[in-house]
Amino acid sequence: SASINLLGGLPNPPQIPSDAKSFTVKDENVAVPDKDTTYWCKGVRLSDIIDSYDEVKYIVKFSPSITPGSEAYVHHILIYICDGLEESDLGLGGECGNQSAAINDCLGELLIAAWAVGGSDFIYPDNVGFPIGGPDSNQYAVIELHYNNPEEASGIVDSSGLKFTYLETPREHNAGILFMGHSVVKTMIIPPNAANYTISAFCSVDCTEKFLPPDGIKIFANVLHTHLAGTGLTLSVIRENDDGEYQEIRPVEKNLHYDFNFQQANHLNEEITVLPGDILLLHCYY
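Computed from a predicted model, the values in this text were never measured in an experiment.

Draft legend 1. Highlighting the sheet that holds strand S3 (residues 37-45). Reading across from one edge, S6-S3-S10-S5-S7 is the order of the 5 strands in this open sheet, with antiparallel pairing throughout. Looking at which strands have only one partner, the edges of the open sheet turn out to be strand S6 (94-95) and strand S7 (110-116). With 6 bridges joining them, strand S5 (residues 74-82) and S7 adopt antiparallel strand pairing. Looking at the pairing, Ile81 lines up with Leu110 of S7.

As structure tokens, then:
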């Protein structure tokens, strides 16, 4: 059996134009360590994998490219772009904690794609593209790949990554990614035998006023992420009304039956506008 989200997704995803091109950011023949959890990081020079990178491209789709036989071990893939990497940061890569400061700094830079177990292709609406490249663009990418190997199997060789499909012509709107949640730290403790224990995270009034443009942003899709102890998540937009009271505008996402093995991005039926001064509130239930 498999989970299915009846409330999300694009029922009629747009056709990808015939002149679209692609590039892939991936690992190369990684011997997956025989331990429970590994975060593997690798640097890539984008001009090596994207033609005419000095001209802006517009990503319209990305797809998981999972090495056959690795499906049980690849938990999530994140792709960041940045500057400042050295030649020594490129190549096979290694465990993230053992990499250079430049690699680890890149993990806090611009996120361009995220995929997790159970996810499939993500296709942008036909009026939206994610810009990459151009004369002032970041020159490098770092792929962070989380291997989940609870049985500590050995002999697994993996070359998984993400394939990006792009156009060379702009669309009406440029996309970006807003990444929010609670940091995974050792003090994040769920009490024994707790029922529906809640941990919350938020982007405050100061946060949205500092980082959002004056006319705000429009949320058109989202993906929820937690681990095996997670049972549900909700994400809401809170706004001050004329009486000075804060109230929920509408939920961005409410999933109280979270399935760890089905972490698919969800397209909203209607875009939600988030303005400077709003609050984004995330509840995670365990």
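Draft legend 2. Spotlight on the state of the cysteines. Counting across every chain of the model gives 3 disulfides. Sulfur-sulfur distance for the disulfide between Cys41 and Cys96 comes to 2.0 Å. Measuring the twist about the S-S bond at about 90°, one finds the Cys41-Cys96 disulfide to be right-handed. Here the residue Cys41 occupies a position in strand S3, and Cys96 occupies one in the loop between S6 and helix H1 (101-106), the gap between them amounting to 55 residues. Each member of the pair, Cys41 together with Cys96, is buried. Residue Cys82 pairs covalently with Cys106 via a disulfide, S to S 2.1 Å.

The rules we used
Residues numbered from 1 in each chain as written. Predicted model: local features only at pLDDT ≥ 70, side-chain atom pairs only at ≥ 80, totals over all residues. Heavy atoms only, no water. Pairing = 2+ DSSP bridges. Helix = DSSP H or I, 4+ residues; strand = E, 2+ residues; numbered from the N terminus. Disulfide = S-S within 2.5 Å. Buried < 20%, exposed > 50% of the residue type's maximum accessible area, 1.4 Å probe, protein only.

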